[in-house]
Amino acid sequence: MMNPQPVRVLAVTGGKGGVGKTNIAVNLGVALSEAGRRVVLLDADLGLANIDVVLGLHPKYDLSHVLRGERDLEEVIVEGPSGLRVVPGASGIQAMAELSTAEHAGIIHAFSELGGDLDTLIVDTAAGISDTVISFSRAAQEILVVVCDEPASITDAYALMKLLNRDYGVERFRILTNMTRGPQEGQELFSKLFRVTDRYLDVMLVHAGSIPYDDALRKAVKSQRPVVNAAPRSRAAQAFKALARKVDNWPLPNGANGQLQFFVERLIQFTGQEMG
């Protein structure tokens, strides 16, 4: 059998709520789709799923129907803007810990079926550092940590990285500075985080870029549209397009690590460890 093509799996996380994580996942997904990538966005907030709300979508089914074996993954996916495909999260359901071995196998199969039809999977994790957030982050190949210029954001991002590094050996994080007020602020914010991690953790931080504070983004959110579509010439939209170009140039995983099946198997293994 031929090896399936590599799929880039990117977890968007941040520790603290309110840092703009979901908007980043959505707009990055749309920007990559517009650049010709086949992107699936997974709403992995199993408690307060909201990507469908952000995009004004009205899904009939969600991830819980796949978990219960009632629907295939393809039936659950809804078409978003610019060809972005969305797997709606399941609000208020228990994490995957309670699934049987057969259900685990079913989910692995469901995602593996998608493998030939996408090259980028973006996982929008929940806020905080719950077991589910840790499991999704560990299973992904790239972890994009979103921070903004608030003490709580820096503290929570550090706590998340410390946990993933010390307990699970994760060594590399890409940092996205959000809602910056000028070109320098993003770099200063990254440097602030870098100084703390460099002193106390054995990790490599890479600055993935900055998304500026932009009123166009606030207006786009109110109209339930990605700013990349609603105001393509805005500073925020241009920053998302630049981020998409960067992401597209990150090294692709190879071997088993690059298969979507490997991601889901790791996810289920890690979730079982967390909950067991």
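See the structure above.
Everything numeric in this text was worked out from a predicted model, so none of it was measured. (Residues numbered from 1 in each chain as written. Predicted model: local features only at pLDDT ≥ 70, side-chain atom pairs only at ≥ 80, totals over all residues. Heavy atoms only, no water.)

Student: Let's hear about the sheet that holds strand E4 (residues 85–87): which residues, and what values?
Tutor: Read across the open sheet, the eight strands follow the order E3-E4-E2-E5-E1-E6-E7-E8; overall the sheet is mixed. Because the sheet does not close on itself, it has two edges, and the strands there are strand E3 (78–79) and strand E8 (204–212). In this structure, strand E6 (residues 142–147) lies alongside strand E7 (residues 172–180), joined through four bridges in parallel fashion. By the bridge assignment, Leu-144 is partnered in E7 with Arg-174. Running over the sheet, helix H1 (residues 21–34) touches strand E1 (8–13), strand E2 (39–44), strand E5 (120–125), E6 and E7 and is turned about 170 degrees from E5. (Pairing = 2+ DSSP bridges. Helix = DSSP H or I, 4+ residues; strand = E, 2+ residues; numbered from the N terminus. Contact = heavy atoms within 4.5 Å. Axes fitted to C-alpha atoms, helices over the stretch in contact; angles between N-to-C directions.)

Student: Can you tell me about helix H8 (residues 183–200), naming the residues and giving the values?
Tutor: The terminal C-alpha atoms of H8, which comprises 18 residues, lie 27 Å apart, in line with the 26 Å expected from a rise of 1.5 Å per residue. Listing the buried residues of H8 in full gives Glu-185, Gly-186, Leu-189, Phe-190, Leu-193 and Thr-197. Along the long axis of H8, the arc covered by the buried residues comes to 130 degrees, so they all point the same way. With respect to the buried face of H8, the exposed residues turned more than 90 degrees away are Pro-183, Gln-184, Arg-195, Asp-198 and Arg-199. (Expected span 1.5 Å × (residues − 1). Buried < 20%, exposed > 50% of the residue type's maximum accessible area, 1.4 Å probe, protein only. Arc of directions from axis to C-beta.)

Student: Can you lay out the side chain of Arg-8 for me, pointing to particular residues and giving the numbers?
Tutor: Among the secondary structure elements, Arg-8 is positioned in strand E1. Although Arg-8 lies buried, it forms no salt bridge, and the closest oppositely charged side chain, Asp-248, sits 4.4 Å away as judged by the N-O distance. (Lys, Arg positive; Asp, Glu negative; His and termini not counted. Salt bridge = Lys/Arg side-chain N within 4 Å of Asp/Glu carboxyl O.)

Student: Break down the packing of helix H6 (residues 131–139) against helix H7 (residues 151–168) for me, with residues and values.
Tutor: For the pair H6 and H7, interaxial distance at closest approach is 11 Å and the crossing angle is 65 degrees. When the axis of H6 is compared with that of H7, the two are roughly perpendicular. Crossing geometry of H6 relative to H7 is assigned as right-handed. Judged by residue contacts, Val-133, Ile-134, Ser-137 and Arg-138 of H6 engage Leu-160, Leu-163, Leu-164 and Tyr-168 from H7. Looking at the contact of H6 with H7, its residues break down into six nonpolar, one polar and one charged. (Parallel < 35°, antiparallel > 145°, perpendicular 65-115°, else oblique. Left-handed = near helix turned anticlockwise from the far one by under 90°. Nonpolar A, V, L, I, M, F, W, Y, C, P; charged D, E, K, R; others polar.)

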